[in-house]
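Coordinates in review
Listed below are the residues making up each chain.
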Amino acid sequence: MKTHRAIARTLLLLLAFAAHVHSAPLSVIDSVEWQPFAAAVKRLVEAVEYQGSPLPADEKKRVAELCAGSGGVEAVRELQTILDAQALFGVNINPEMRVKVVEGAARPELTEQGWRQFLVKVHNEAGVTAPLVGVSPNAASVFQSGSSKSASDKTFFKGNAAGPRNANDLWLEMKTYDAQPMMPNLSGLLVEYRIVQLYSRDAGQREAKFSFNVGQGTQDIGFRNETDILFTCAPAHEITLGVKDEHGKPTTASFLIRDAQGRVYPSQAKRLAPDFAFHPQVYRADGEKLRLPEGTYTIAFERGPESLRHTETTSIASDTKRLDFKVKRWIDPSTRGWWSGDHHIHAAGCAHYTNPTEGVHAPDMLRHCMGEDLKVGCNLTWGPCFDYQKQFFTGADDKVSTSPYLLHYDVEVSGFGSHKSGHLCLLLLREQMYPGGDSSAHWPTLGLNTLRWAKKQGALTGPAHSGWGLQPLAENDPARAQQYKLNQPSATSDLPTYLVPPFNGIGANEYIADVTHEVPGPDGKLVPAVDFMSTVDTPARWELNIWYHTLNAGFRTRISGETDFPCIYGERVGLGRSYVKLDGKLEYRDWCEAIRVGRNYVSDGRSHIFDFTANTTRMGENGSELKLDVPAAVKITAQVAARLAEQPDAAVRETSWEQKPFWSIERARIGDTRTVPVELLVNGFPVAKKIITADGALNDIAFETKITRSSWLALRILPSSHTNPIFVIVGGQPIREKKSIDWCLKSVDQCWSQKEATYDEDEKEDARQAYDHARAVYRTRLAEAAE
């Protein structure tokens with residue numbers, strides 16, 4: 001008899017638990033306006049993906065199909081059915097603005113010392129547009145929807161709903177995700193979905209009480225404004241990571257960890273440095289630890305673009321204590337004396353949070369550089385958090401640098417001063433503050449004045465994200481407008497183009513005038529005002545077109561690769577790189593000086609062009625200048641390597657070359673093959689090419705071309721890598737291409753028409769003189785050019 005009673009009690013307990021796990025489905029609402037509902041669902045899908053808890057792949061695909069369709073009642077119902085399965089709460093706001101809540105169909109499963117993400121279905125009969133506030137007496141702190149605080153803030157609102165407040169009951173943390181692409185407040189739609197994130201301090205079964213409101217006093221009565229949910233919190237186990245480089249030495253690498261449902265671990269919700277909430281991956285060094293609950297995981301392990309991504313499926317059990325990983329490379333340019341660097345990264349602003357600290361600190365940035373095997377990281381202080389981040393500038397390598405990984409603080413003029421006429425990267429500064437103040441409020445509005453100050457220090461200078469504002473005005477040429485829509489490489493095969501850009505952005509705009517100027521250097525001798533143009537983080541056509549034209553006008557600006565992390569690219573540092581050739585030990589000053597003389601190529605890291613030589617002249621040595629008495633054939637040699645996946649990447653191929661990733665070896669792929677073209681340029685025009693297999697192997701390539709007049713030569717795999725030029729001077733004559741100089745002259749006028757209003761009155765005369773000087777220089781060179 002006792003046995004039967006025990007069995008009966010057990011069955012009742014199981015039924016009670018099942019009732020929690022399998023709650024009644026939420027009501028499906030038919031009378032929903034399709035267009036705004038579909039738009040809100042698209043934002044929701046983007047948000048859960050960004051936060052590392054994507055919908056299952058088949059459901060995500062079906063949602064995309066439905067949202068792309070024409071709607072109707074059946075589409076509305078099917079979308080709700082799919083999303084309701086992920087909803088832990090159903091919230092109803094009745095016409096009198098009373099709020100009640102029921103448990104949804106999502107399984108109430110949490111992870112010890114980890115965050116999980118759920119949906120909240122809101123049936124908003126009142127059309128309320130206030131913030132939705134979630135409250136639990138079991139939460140030590142709750143983050144309120146619609147707050148101005150950062151989504152990564154550690155500071156939450158205290159004193160939630162009445163109820164137990166002893167330490168045993170305060171096992172939970174709760175926050176809503178309201179940052180982009182979500183909205184901070186309810187939209188007023190009849191049905192919408194919000195995101196709630198829950199953190200468990202403990203393992204085991206824990207119960208929590210929840211309520212929601214849209215303002216004090218809006219809770220419904222009779223206990224309908226709250227629901228009790230029993231959670232199962234899986235225990236997390238501490239795992240030690242063994243992380244070795246290709247030689248078996250301890251290193252730091254990237255780990256992207258997803259469970260069987262595709263959720264990211266550690267959770268991206270409320271990450272703090274050195275882990276970034278906008279990254280799915282984390283960076284861990286040999287011997288460091290992370291916590292994972294029992295289960296099956298897919299782990300993608302890599303160390304920058306020169307490594308081979310290793311993906312494995314592994315099971316974590318209660319006795320799992322360690323996981324070991326070893327880097328495999330397809331190439332290592334540093335063994336040949338080519339040192340990678342990204343001259344434009346940030347420790348604050350854009351995707352970085354501004355609370356609880358203003359951006360992040362040097363150790364965090366160095367960890368990311370090391371994890372991507374980026375040897376030089378130029379950490380540029382700019383507008384956001386300027387007064388906080390300026391404390392880290394010393395004029396020397398940061399103390400966290402550890403050979404061969406260097407982190408160096410410098411400045412980007414962005415968000416202040418002359419930024420409206422084009423942002424400037426200022427490297428090798430001795431002093432970071434323009435005279436006359438101690439912040440960012442007093443800087444010149446004419447970029448040339450900032451350049452004069454920087455060059456007196458011996459700085460290396462160049463415009464940032466060069467392509468912005470330099471998209472050709474395709475509407476003036478309908479036939480070419482169609483071509484711009486094509487993917488690479490055909491969309492760049494006709495560079496340079498002679499359409500004048502609008503010069504209405506923050507890229508290399510004022511550069512068209514500044515490049516004509518020489519200013520005093522540290523010793524008083526005149527030096528070019530601009531040393532390099534930034535490339536790789538804006539569309540290749542827009543960057544390269546203006547560079548080709550100014551080279552054709554006889555200027556010798558070089559190029560350098562950047563990411564503008566985490567603004568243009570937040571995925572990782574070093575997506576755009578310079579590979580600099582040094583003969584000795586890696587030093588920051590030497591690395592920068594090599595860019596000044598053009599002893600580097602730029603790349604996305606997936607292709608490499610080593611030892612570019614014309615006859616006996618090597619790129620970046622002896623002025624990169626080959627002198628010929630008379631026209632003659634020139635032999636060009638280099639060693640080239642590239643690596644493509646065996647199968648095409650549909651995600652890249654389906655995007656326009658005007659969309660990210662702007663530079664990618666995938667865009668250079670010939671058809672469905674594993675081959676790419678290596679092109680020889682003369683004055684920006686491809687005159688010959690070799691086809692190589694992009695399997696990682698090193699290829700010796702050679703070209704021979706006749707040079708009939710002074711020209712510059714370069715090699716490229718577009719849009720993946722590009723060398724700096726070698727200048728071939730025939731009979732002592734300068735490089736002067738008439739059509740390019742004419743383009744430059746017209747561009748000065750166009751730039752002035754856009755930028756004149758950005759200069760302060762006390763600098764207007766300086767600006768007029770600077771642009772007049774540019775016009776005079778181009779006119780002189782135009783007169784020198786042969787027909």
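First, a word on what this report is: a plain description of the structure on this page. (Residues numbered from 1 in each chain as written. Predicted model: local features only at pLDDT ≥ 70, side-chain atom pairs only at ≥ 80, totals over all residues. Heavy atoms only, no water.)

Observations regarding the overall build of the protein chain
- For the protein chain, the helix and strand inventory stands at 15 helices and 39 strands.
- Taking 2.2 N^0.38 as the reference for a compact globule, 787 residues should give roughly 28 Å; the C-alpha atoms of the protein chain span a radius of gyration of 30 Å, in line with that estimate.
- Reported as C-alpha extents along the three principal axes, the dimensions of the protein chain are approximately 110 × 60 × 50 Å.
- The proportion of buried residues among the 787 residues of the protein chain is 58%.
- On the protein chain, roughly 30900 Å² of surface is accessible, and the fraction owed to carbon and sulfur atoms is 51%.
- Side chains of the protein chain give 88 positive and 96 negative charges; the mean places of these two sets differ by 3 Å. (Helix = DSSP H or I, 4+ residues; strand = E, 2+ residues; numbered from the N terminus. Rg over C-alpha atoms; globule rule 2.2 N^0.38 Å. Buried < 20%, exposed > 50% of the residue type's maximum accessible area, 1.4 Å probe, protein only. Areas by Shrake-Rupley, 256 points an atom, 1.4 Å probe, with all protein chains shown as cover. Lys, Arg positive; Asp, Glu negative; His and termini not counted. Charge placed at Lys NZ, Arg CZ, Asp CG, Glu CD.)

Some words on the packing of aromatic side chains
- Taken as a whole and judged by the stated rule, the model has 34 aromatic pairs.
- When the ring of Phe-278 is compared with that of Phe-565, the centres are 6.0 Å apart and the planes differ by 50°; the resulting orientation is tilted. Residue Phe-278 is located in the loop between strand 13 (264–265) and strand 14 (282–285), and its partner Phe-565 is located in the loop between strand 27 (558–561) and strand 28 (577–581); the two are separated by 287 residues in the primary sequence. Considered together, Phe-278 and Phe-565 belong to a single accessibility category, that of buried residues.
- Between the aromatic rings of Trp-547 and Tyr-548, the centroid separation amounts to 5.8 Å while the plane-to-plane angle is 40°, which identifies the pairing as tilted. Exposure class is identical for Trp-547 and Tyr-548. Each is buried.
- Chaining the aromatic ring pairs together yields one cluster made of Phe-89, Trp-171, Phe-210, Phe-212 and Phe-231.
- The ring of Tyr-498 has Lys-739 lying over it, and the distance from NZ or CZ to the ring centre is 4.2 Å.
- Sitting over the face of the ring of Phe-555, Arg-781 holds its NZ or CZ atom 4.0 Å from the ring centroid. (Phe/Tyr/Trp six-rings, centres within 6.5 Å; stacked < 30°, edge-to-face > 60°. Lys NZ or Arg CZ within 6 Å of the ring centre and 35° of its normal.)

Here's the deal with the pattern of salt bridges
- Using the criterion set out here, one finds 49 salt bridges in the structure.
- Its salt-bridge partner being Arg-206, residue Asp-202 comes within 3.2 Å of it at the nearest N-O pair.
- A relative accessible area of 14% means that Asp-202 is categorised as buried.
- Its relative accessible area of 27% is what places Arg-206 among the partly exposed residues.
- When the shortest N-O distance is used, the salt bridge between Asp-332 and Arg-329 registers 3.9 Å. (Salt bridge = Lys/Arg side-chain N within 4 Å of Asp/Glu carboxyl O.)

A word on the side chain of Ser-720
- By the secondary structure assignment, Ser-720 is in the loop between strand 37 (711–717) and strand 38 (721–723).
- A polar contact of 2.7 Å, which involves the side chain of Ser-720, links it to the side chain of Ser-607.
- Excluding residues within four positions of it along the chain, Ser-720 makes contact with Val-602, Ser-603, Asp-604, Arg-606, Ser-607, Trp-663, Ser-664 and Ile-665. (Polar contact = N/O pair within 3.5 Å; in protein donor to acceptor, adjacent residues only side chain to side chain. Contact = heavy atoms within 4.5 Å.)

Topic: empty space enclosed by the protein
- Applying the stated criterion across every chain, the model contains 4 cavities of 30 Å³ or more.
- The space that makes up the largest cavity amounts to roughly 120 Å³.
- Along its surface, the largest cavity is lined by Phe-37, Ala-40, Val-41, Arg-43, Leu-44, Met-182, Met-183, Asn-185, Ser-187, Glu-192, Tyr-193 and Arg-194.
- Elements supplying a minimum of two residues to the lining of the largest cavity: helix 2 (34–50) and strand 8 (191–200).
- With 5 residues, the top contributor of residues to the lining of the largest cavity is helix 2.
- Of the residues contributing to the lining of the largest cavity, the split by class is 7 nonpolar, 2 polar and 3 charged.
- Around the second largest cavity, the lining residues are Ala-347, Ala-348, Asn-379, Leu-380, Thr-381, Trp-382, Pro-384, Gln-389 and Tyr-409.
- At 3 residues, strand 20 (residues 376–381) tops the list of elements feeding residues into the lining of the second largest cavity.
- Here the lining of the second largest cavity is built from residues that sort into 6 nonpolar, 3 polar and no charged. (1 Å grid on protein atoms, 1.4 Å probe; cavity = no way out; pocket = protein on both sides within 12 Å on 5 of 7 lines; lining within 4 Å. Points joined across faces, edges and corners; volume = space filled by probe spheres on them. Nonpolar A, V, L, I, M, F, W, Y, C, P; charged D, E, K, R; others polar.)

Describing the packing of helix 3 (residues 57–68) against helix 4 (residues 73–84)
- Orientation of helix 3 relative to helix 4, taken along the N-to-C sense of each, is 155°, at an axis distance of 10 Å. The angle between the axes of helix 3 and helix 4 places the two elements in the roughly antiparallel class. Judged by the sense of rotation from one axis to the other, the crossing of helix 3 with helix 4 is left-handed. Each of Glu-59, Arg-62, Val-63, Leu-66 and Cys-67 in helix 3 lies in contact with helix 4, whose residues at this interface are Ala-75, Glu-78, Leu-79 and Ile-82.
- Class assignment of the residues belonging to the contact of helix 3 with helix 4 gives a composition of 6 nonpolar, no polar and 3 charged. (Axes fitted to C-alpha atoms, helices over the stretch in contact; angles between N-to-C directions. Parallel < 35°, antiparallel > 145°, perpendicular 65-115°, else oblique. Left-handed = near helix turned anticlockwise from the far one by under 90°.)

Focus: the layout of surface pockets
- The computed volume of the largest pocket comes to approximately 1500 Å³.
- Of all the secondary structure elements, the ones that give two or more residues to the lining of the largest pocket are strand 12 (252–259), strand 16 (295–302), helix 12 (650–653) and helix 13 (665–668).
- A per-class count over the lining of the largest pocket returns 22 nonpolar, 11 polar and 13 charged.
- Taken as a whole, the second largest pocket spans an internal volume of roughly 570 Å³.
- Sorting the residues of the lining of the second largest pocket by element identifies strand 4 (114–124), strand 13 and strand 15 (289–293) as the ones contributing at least two each.

A closer look at the state of the cysteines
- Enumeration over the complete set of coordinates arrives at 1 disulfide.
- The residue that forms a disulfide with Cys-350 is Cys-567, at a sulfur-sulfur distance of 2.0 Å. Between Cys-350 and Cys-567, the S-S dihedral sits near 100°, and the bridge is therefore right-handed. Pair noted here: Cys-350 is in the loop between strand 19 (338–345) and helix 5 (362–371) and Cys-567 is in the loop between strand 27 and strand 28, with a separation of 217 residues, a long-range link.
- Judged by relative accessible area, which is 46%, Cys-350 ranks as partly exposed.
- Residue Cys-567 is classed as partly exposed on the basis of its relative accessible area, which comes to 27%.
- With no disulfide partner, Cys-378 has as its closest neighbouring cysteine sulfur the one in Cys-592, 5.4 Å distant. (Disulfide = S-S within 2.5 Å.)

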